[in-house]
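# Summary of the model geometry
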Amino acid sequence: MFKFFEPNKIFVITSRAQKYVLFLFIVVLSIGLMEALIISPEDYKQSHAVRIMYVHVPAAWIALGIFSCLALLSIVSFIFKNKNLSLISKSLAPSGFVFNVIALVTGAIWGKPTWGTWWAWDARITSMLILALFYLMYLLAWRIYEDEEKVIKITSMIAILGAINIPIIKFSVDWWNSLHQSASINVFSNTSIHASMLIPLGIMTAAFTLFSILIFLMKYNTELIKLKTKGLNRL
Amino acid sequence: MINELISMNGYGSYVWSAFTFTLISFASLYCVTKLQLAKEQSRFASKFGTLNVDKARVARSQNINKEILLNTSNI
């Protein structure tokens, strides 16, 4: 199965796909921004402040999704000793970190008009801050350690340990008293959010996903070229 | 209409600052990543230029190296 993901085979795809993903991202983002800022209705309680949801929620979802991928890839690469999976994890992390920061900052901006404060040591916000620290440790470890074996072990440990925080973030609103409301969107049961707000949220999530794919493709190619430059030295 | 879009019932400063921060973050991450990619491509190309004819032929036999050089010429 891993042969399918061999760098030599997928480099052509990852380098050519970039321009198509960029084009698609710009189109979907433009539609999403139009929907989020102009077409979607204001909330009866929060008025126009609800529009911050269209950047805050997708950013938080993707930050969580990417970290879950990092943990999963780390476990698999730990078991099968596959370096390419570590390279994929390394390429995913920067966009995950940026999405986490976006979720924290836009959350603070949303908190001021709705809760009357920029920041609270609420369970959801604090666990998201902890996730950002795990992302930071993961990225710093790749910069600090030069020994390849060592850095793969350390970053895998960080990702696996950080994954404990994922269910805490997800269920924090149910386990503790929180300023955050319970989940409005449920995959397995009824969603309490109206279609007029759900559609822009879906489009913005698609745009953010495309952006993380674009950054991943660019970063993955950068890492592969680094490896190939080292390979030239060995010829 | 435009004034309403900007002020958003007094919430405009919050909404616009959240969207602006997001878009600036996207642009910054894209530029930094693009710059790193271009730097690595040109480093690869200059290294490739120092190889002798035989080594260059061996390196060129790998599809991935050909693709990197092809992309470097497009920068």
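Check the entry above for the structure.
Heads up: these notes are all about the structure in this document. (Residues numbered from 1 in each chain as written. Chains lettered and ligands numbered in written order. Predicted model: local features only at pLDDT ≥ 70, side-chain atom pairs only at ≥ 80, totals over all residues. Heavy atoms only, no water.)

### Thoughts on empty space enclosed by the protein
Residues and elements named next belong to chain A. Counting across every chain of the model gives 1 cavity of 30 Å³ or more. What the largest cavity holds in volume is close to 40 Å³. Along its surface, the largest cavity is lined by S74, S77, S86, S89, Y138, W142, I152, T155 and S156. When residues of the lining of the largest cavity are traced back to their parent elements, those giving at least two are helix 2 (53–80), helix 3 (83–115), helix 4 (123–144) and helix 5 (148–162). Class assignment of the residues belonging to the lining of the largest cavity gives a composition of 3 nonpolar, 6 polar and no charged. (1 Å grid on protein atoms, 1.4 Å probe; cavity = no way out; pocket = protein on both sides within 12 Å on 5 of 7 lines; lining within 4 Å. Points joined across faces, edges and corners; volume = space filled by probe spheres on them. Helix = DSSP H or I, 4+ residues; strand = E, 2+ residues; numbered from the N terminus. Nonpolar A, V, L, I, M, F, W, Y, C, P; charged D, E, K, R; others polar.)

### Re the packing of helix 2 of chain A against helix 4 of chain A
Residue and element names in this part refer to chain A. Interhelical geometry of helix 2 versus helix 4 gives an angle of 50° and a closest axis separation of 11 Å. With respect to each other, helix 2 and helix 4 are oriented oblique. Taken as a pair, helix 2 and helix 4 cross one another with a handedness that is left-handed. Contact with helix 2, carried on its side by A60, A63, L64, I66, F67 and L70, involves M128, L131, F134, Y135 and Y138 of helix 4 and no other residues of that element. Per-class residue counts for the contact of helix 2 with helix 4 are 11 nonpolar, no polar and no charged. (Axes fitted to C-alpha atoms, helices over the stretch in contact; angles between N-to-C directions. Parallel < 35°, antiparallel > 145°, perpendicular 65-115°, else oblique. Left-handed = near helix turned anticlockwise from the far one by under 90°. Contact = heavy atoms within 4.5 Å.)

### Remarks on the packing of helix 4 of chain A against helix 5 of chain A
Residue and element names in this part refer to chain A. Running from N to C, helix 4 and helix 5 point in directions that differ by 175°, and their axes come no closer than 9 Å. It follows from the interaxial angle that helix 4 and helix 5 lie roughly antiparallel. Across the interface between the two elements, F134, M137, Y138, A141 and W142 from helix 4 touch V151, I152, I154, T155, I158, A159, L161 and G162 from helix 5. Considered class by class, the residues forming the contact of helix 4 with helix 5 number 11 nonpolar, 2 polar and no charged.

### A short note on the packing of aromatic side chains
Residues and elements named next belong to chain A. With the rule as written, the count across this model stands at 13 aromatic pairs over all chains. Ring geometry for F25 and F211: centres 5.2 Å apart, planes at 40°, overall tilted. Of this pair, F25 sits in helix 1 (residues 7–39) while F211 sits in helix 7 (residues 195–233), and the two are 186 residues apart along the sequence. According to the relative accessible area criterion, F25 is buried, its value standing at 8%. (Phe/Tyr/Trp six-rings, centres within 6.5 Å; stacked < 30°, edge-to-face > 60°. Buried < 20%, exposed > 50% of the residue type's maximum accessible area, 1.4 Å probe, protein only.)

### Notes on the nonpolar core
Of all hydrophobic cores here, the largest spans 84 residues; its most connected members are M53(A), F99(A), M204(A), F208(A) and F19(B). At 17 residues, helix 7 of chain A tops the list of elements feeding residues into this core. Contact partners of F208(A), with chain neighbours within four places excluded, come to L29(A), Y54(A), V55(A), P58(A), A59(A), I62(A), F99(A), T22(B) and F26(B). (Core = buried A, V, L, I, M, F, W, Y, C linked by side-chain atoms within 4.5 Å.)

### Thoughts on a nonpolar patch on the surface
On the surface, a cluster of nonpolar side chains totalling about 750 Å² of accessible area is made up of M34(A), I38(A), I39(A), M1(B), I2(B), I6(B) and W16(B). Of all the secondary-structure elements, those providing two or more residues to the nonpolar patch are helix 1 of chain A together with helix 1 (2–7) of chain B. Examining the composition of the nonpolar patch, we find that 3 residues originate from one element, helix 1 of chain A, more than from any other. In this structure, W16(B) sits in helix 2 (residues 12–49). (Patch = residues over 30% accessible without salt bridge, like charges linked within 9 Å, V, L, I, M, F, W, Y side chains within 5 Å. Areas by Shrake-Rupley, 256 points an atom, 1.4 Å probe, with all protein chains shown as cover. Salt bridge = Lys/Arg side-chain N within 4 Å of Asp/Glu carboxyl O.)

### Quick notes on the layout of surface pockets
The calculated volume of the second largest pocket comes to roughly 1,200 Å³. Considering the residues around the second largest pocket, the lining is formed by 35 residues, among which K90(A), W142(A), K219(A), E223(A) and K226(A) are closest to the centre.

### A few points about the interface of chain A and chain B
Where interface size is quoted, it is often the accessible area lost as the parts come together. Taken residue by residue, the interface counts 53 residues in chain A and 38 residues in chain B. Regarding the contact of chain A and chain B, the summed buried area is about 3,900 Å², with carbon and sulfur atoms giving 80% of it. Where chain A meets chain B, there are 0 salt bridges. Where chain A touches chain B, the interface holds 3 residue pairs in polar contact (both at pLDDT 80 or more). Looking at the side of chain A that touches chain B, the elements with two or more residues in it are helix 1, helix 2, helix 3 and helix 7 of chain A. The biggest single contributor to the side of chain A that touches chain B is helix 7 of chain A, with 16 residues. Across the side of chain A that touches chain B, the residue classes tally to 33 nonpolar, 12 polar and 8 charged. (Buried area = accessible area lost by both parts, 1.4 Å probe. Polar contact = N/O pair within 3.5 Å; in protein donor to acceptor, adjacent residues only side chain to side chain.)

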